[in-house]
Amino acid sequence: MNSRVDETPHLLRQRDQFVPRGLITAHPLVIDRAQGAELWDVEGKRYLDFVGGIGVLNIGHNHPKVVAAVQAQLQKVSHACFQVVAYQPYLDLAQRLCELIGGEHACKAAFFTSGAEAVENAVKIARAHTNRSAVIAFRGGFHGRTLLGTTLTGMSQPYKQNFGPFAPEVFHTPYPNAYRGVTSDLALQALDELLATQVAPDRVAAIILEPVQGDGGFLAAPAEFLQALRALADKHGIVLILDEIQTGFGRTGAWFGFQHAGIQPDLVTVAKSLAGGLPLSGVVGKAHIMDAPLPGGLGGTYGGNALACAAALAVRGLRRGTVAGAQPIARRTPAPWPAGLAGALPAHRRCARHRFYAGHRTDQG
Ligand SMILES: Cc1ncc(COP(=O)(O)O)c(C=O)c1O
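Residues numbered from 1 in each chain as written. Predicted model: local features only at pLDDT ≥ 70, side-chain atom pairs only at ≥ 80, totals over all residues.

K.L.:
Can you lay out the sheet that holds strand 3 (residues 46-48) for me, pointing to particular residues and giving the numbers?
P.N.:
Ordered by their spatial adjacency, three strands build an open sheet running 1-2-3, and the pairing between neighbours is antiparallel. Two strands bound the open sheet, and with one partner strand each, they are strand 1 (31-35) and strand 3. Sheet twist, expressed as the mean angle between neighbouring strand axes with direction ignored, is 25°. When strand 2 (residues 38-41) meets strand 3, the two strands line up antiparallel, connected through three bridges. Paired with Leu-39 across the two strands is Tyr-47, which belongs to strand 3. (Pairing = 2+ DSSP bridges. Helix = DSSP H or I, 4+ residues; strand = E, 2+ residues; numbered from the N terminus. Axes fitted to C-alpha atoms, helices over the stretch in contact; angles between N-to-C directions.)

K.L.:
Now, about the confidence of the model for the protein chain: what can you tell me, with residues and values included?
P.N.:
Mean pLDDT over the protein chain: 89, with 85% of residues reaching 70 or higher. In the predicted structure, residues 336-365 sits below a pLDDT of 50 and forms 45 contacts with residues beyond four places in sequence or in another chain. (pLDDT = per-residue confidence, 0-100. Contact = placed C-beta atoms within 7 Å.)

K.L.:
Give a description of the site of the ligand that names residues and reports values.
P.N.:
Around the ligand lies a shell of 14 residues, among which Ser-114, Gly-115, Ala-116, Gly-144 and Gln-246 are the nearest. Counting residues per element, the shell around the ligand draws most heavily on helix 5 (residues 115-130), at three residues. Of the residues in the shell around the ligand, the class split is six nonpolar, six polar and two charged. (Near = placed C-beta within 6 Å. Nonpolar A, V, L, I, M, F, W, Y, C, P; charged D, E, K, R; others polar.)

K.L.:
Talk me through unusual backbone geometry; I want residue IDs and the actual numbers.
P.N.:
Put simply, Gln-157 and Pro-158 share a cis peptide bond, and its omega is 0°. Within the secondary structure layout, Pro-158 lies in the loop between helix 6 (147-152) and strand 6 (170-173). Across the junction of Gly-164 and Pro-165, the peptide omega takes the value 5°, indicating a cis bond. Mapping Pro-165 onto the fold places it in the loop between helix 6 and strand 6. The phi dihedral of Asn-62 falls on the positive side, at around 50°, and the residue is not glycine. A positive phi is found at Lys-272, a non-glycine position, where the angle reads about 40°. Counting through the fold element by element, Lys-272 comes out in the loop between strand 11 (267-270) and strand 12 (281-286).

K.L.:
So what about helix 1 (residues 7-18)? Which residues, and what values?
P.N.:
Quick reminder: α-helices carry 3.6 residues per turn. Residues three or four places apart thus point the same way. The terminal C-alpha atoms of helix 1, which comprises 12 residues, lie 16 Å apart, in line with the 16 Å expected from a rise of 1.5 Å per residue. Of all 12 residues in helix 1, zero are buried, a share of ten percent or less. (Expected span 1.5 Å × (residues − 1). Buried ≥ 20, exposed ≤ 12 C-beta atoms within 10 Å, placed from the backbone.)

K.L.:
Any chance you could break down the sheet that holds strand 4 (residues 107-112) for me, citing the residues and the numbers?
P.N.:
Pairing is mixed in the open sheet, where seven strands are placed in the order 4-12-11-10-7-5-6. Of all the strands in the sheet, just strand 4 and strand 6 have a single pairing partner and so form its edges. The sheet shows a mean angle of 20° between the axes of neighbouring strands, taken without regard to direction. Packing of helix 4 (residues 88-101) onto the sheet brings it into contact with strand 4, strand 11 and strand 12, and relative to strand 4 it is tilted by some 130°. Docked against the sheet, helix 8 (residues 223-236) engages strand 7 (204-209) and strand 10 (239-243), running at close to 145° with respect to strand 10.

K.L.:
With reference to specific residues and values, describe the nonpolar core.
P.N.:
Ranked by internal contacts, the top residues of the largest apolar core, which has 83 residues, are Ala-206 and Ala-311. Of all the elements, helix 10 (residues 306-332) adds the most residues to this core, at 10 residues. Contact partners of Ala-206, with chain neighbours within four places excluded, come to Val-123, Ala-126, Val-135, Ile-238, Val-239 and Ile-241. (Core = buried A, V, L, I, M, F, W, Y, C linked by C-beta atoms within 7 Å.)

Here is the structure:
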């Protein structure tokens, strides 16, 4: 008898005994290895991976160029802590992301480990820059599982349930949702009302949103909505933060979701597909805003780890083809559904709009 055949139930029992239930594992699988778009479980069964570690593996598992870059970096230095000494992969990655995101603006980048940490730091930077405390986020938004990330997240269950009290001075407002009849105009009216009744604009440090809500149901913010937020933020000196942790690096058919609207955010949070499977996140934004925190105010022991930065630099070179490949798909799928049409469209058509966003490339290109 092949003893490996019984391994999955045994390992899942081990999982239940030693890992808390709050941390779910969506599929009853224990995987052993992965390559490209495929996974193999401990019993040797092969699966097609449509999840990619939740938007992390745009270029697939264990891309040979990423593996080679990490191995080469490991021979040199794996961890040094950027607050102690600088190292080149961090510097090169900061420069490349600034070139990619900054447009014509002078830009700086700081690296962290998880997406939630990037969100936390973006809010810190915005508060330091404005000397204001309030933050506006959106219903249905997801921004991570730390206390501030959870506070900013606009979904109660399971993310917020039993975890309060939450961080103060965070306000939520509706996100456009053509499927539910929430047009950009309605969402902007609700935001105006929030500013008139609950928090004055001159107390607001930042507005944070995803250009396409991921966990919230793959809802794209219409271009005019992002443009109106840009104008509102400019008018009141509010920092506009685009959380591109899930949308970034080609997942919407452009490098970043905000580019569809032709706006320039003040700060952009990045993570997930940034480093092809290694834990790395960052805040990239206008230099004068990024420089607001005092020396020592930003950082983290593992933030911008050398192996992760080397992986990101290897991924960066591969993404050109990925983004180019996504563009025909993005062009074929119409930009946000007219409100009346949305209800009439079959569900699979609505899903199609983000089919690239939800999936990832299956080749090794
Ligand atoms: C838009 C967005 N922001 C923040 C996060 C949090 O990232 P992490 O899980 O790496 O902390 C996620 C994760 O799914 C996300 O999709």
